[in-house]
Amino acid sequence: AQSVTQPDIHITVSEGASLELRCNYSYGATPYLFWYVQSPGQGLQLLLKYFSGDTLVQGIKGFEAEFKRSQSSFNLRKPSVHWSDAAEYFCAVGAPYGQNFVFGPGTRLSVLP
Amino acid sequence: DSGVTQTPKHLITATGQRVTLRCSPRSGDLSVYWYQQSLDQGLQFLIQYYNGEERAKGNILERFSAQQFPDLHSELNLSSLELGDSALYFCASSTTTSGGARDTQYFGPGTRLTVL
């Protein structure tokens, strides 16, 4: 069965600074990988996903993520954070022939003005 | 706005009671997923329906059940409620022609259930 860890529970960055949120997964083969964002009081919104091919994936809102098979990681990055990026970020893994996701515990991002 | 609607937004009830949460998927989506988000358990997959039939089951308690109707809306029934059932319940939908995690899931805003 697949599993996901997000080592950082809470991260604080200054507006304009770069951001990297870590995600490590456990799965026997190449999984499907996702990053979702949850703003306060909102549902989850898909930022980006990786199925195969180019290991650097571009998403919405200026986010990107890189799949590194050797490290079982799928870290999310953004070169310059905006105050509106303050939210909870969830990494998720899905088995190619499975029907559901396993979500990580989430990382809460705070942005200082 | 994802196009997925959930009602009600908030629900407050007492232990031992039964409640029904409703979800309308995006137009054209055949699959509906239910998730529970709580502080101690995080975001957990409960169950998936595809075109009226149960497709996958996750960590759903026996006290919980769901169904998907011919018009594709879905209901999650929670009975004999306990304090620990207090959580945010999300519904998501996807097109799911072939099924599997490849389908992008679109999440609704959730129903916050408080059990007193």
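Quick caveat: nothing in here was measured; it's all calculated off a predicted structure.

Peer 1: Run through unusual backbone geometry, naming residues and quoting values.
Peer 2: The omega torsion across Thr 7 of chain B and Pro 8 of chain B is -10 degrees, close enough to zero to call that bond cis. Tracing the chain through its elements places Pro 8 of chain B in the loop between strand S1 (5-7) and strand S2 (10-13). Positive phi is not limited to glycine here, since Ser 72 of chain A has a value of about 50 degrees. Inspection of the secondary structure assignment puts Ser 72 of chain A in the loop between strand S8 (64-68) and strand S9 (73-78). Of note in the backbone geometry, Ser 80 of chain B takes a positive phi value of approximately 45 degrees without being a glycine. Position of Ser 80 of chain B relative to the elements: it lies in the loop between strand S8 (74-78) and strand S9 (87-94). Exposure remark for Ser 80 of chain B: the relative accessible area of 41% places this residue in the partly exposed category.

Peer 1: Lay out the pairing of strand S4 (residues 31-38) of chain B with the relevant residues and their values.
Peer 2: Residues and elements named next belong to chain B. Most of S4 sits out of view: 8 of its 8 residues are buried. Neither face of S4 is open: one carries Ser 31, Tyr 33, Tyr 35 and Gln 37, the other Val 32, Trp 34, Gln 36 and Ser 38, and all of them are buried. The pairing of S4 with strand S5 (residues 42-50) spans 8 bridges and is classified as antiparallel. Looking across to S5, one finds that Tyr 35 is bridged to Phe 45. Counting the residues that bridge the hairpin from S4 to S5 gives 3 residues. Sheet analysis places S4 next to S9, joined by 7 bridges and oriented antiparallel. Each residue of the ladder has a partner; that of Gln 36, found in S9, is Tyr 89.

Peer 1: Give me the nonpolar core: which residues, what numbers.
Peer 2: Counting 26 residues, the largest nonpolar core has Leu 19, Trp 35, Leu 47, Leu 48, Phe 74, Leu 76 and Tyr 89 of chain A as the members making the most contacts within it. For this core, the secondary structure elements donating two or more residues are strand S2 (10-14), strand S3 (19-21), strand S5 (32-38), strand S6 (44-50), S8, S9, strand S10 (87-94) and strand S12 (107-112) of chain A. Here this core takes 4 residues from S10 of chain A, the largest share from any one element. If you look at the next biggest cluster of nonpolar residues, it comprises 21 residues, including Val 4, Leu 46, Leu 78 and Leu 113 of chain B.

Peer 1: Could you give an account of the state of the cysteines, naming the residues involved and the relevant values?
Peer 2: Enumeration according to the criterion identifies 2 disulfides over all chains in this entry. Between the sulfur of Cys 23 of chain A and that of Cys 91 of chain A lies a disulfide, 1.9 Å long from S to S. Residues Cys 23 of chain A and Cys 91 of chain A share a disulfide whose torsion about the S-S bond is about -60 degrees; that sign makes it left-handed. Of this pair, Cys 23 of chain A sits in the loop between S3 and strand S4 (24-26) while Cys 91 of chain A sits in strand S10; the two residues are 68 residues apart in sequence, bridging distant segments of the chain. Shown here is the disulfide that connects Cys 23 of chain B with Cys 91 of chain B, its sulfur atoms set 1.7 Å apart. Between Cys 23 of chain B and Cys 91 of chain B, the S-S torsion sits near -45 degrees, and that sign places the bridge as left-handed. Here the residue Cys 23 of chain B occupies a position in strand S3 (residues 19-24), and Cys 91 of chain B occupies one in strand S9, the gap between them amounting to 68 residues. Across the pair, Cys 91 of chain B and Cys 23 of chain B agree in class, each one buried.

Parameters and conventions
Residues numbered from 1 in each chain as written. Chains lettered and ligands numbered in written order. Predicted model: local features only at pLDDT ≥ 70, side-chain atom pairs only at ≥ 80, totals over all residues. Heavy atoms only, no water. Helix = DSSP H or I, 4+ residues; strand = E, 2+ residues; numbered from the N terminus. Buried < 20%, exposed > 50% of the residue type's maximum accessible area, 1.4 Å probe, protein only. Pairing = 2+ DSSP bridges. Core = buried A, V, L, I, M, F, W, Y, C linked by side-chain atoms within 4.5 Å. Disulfide = S-S within 2.5 Å.

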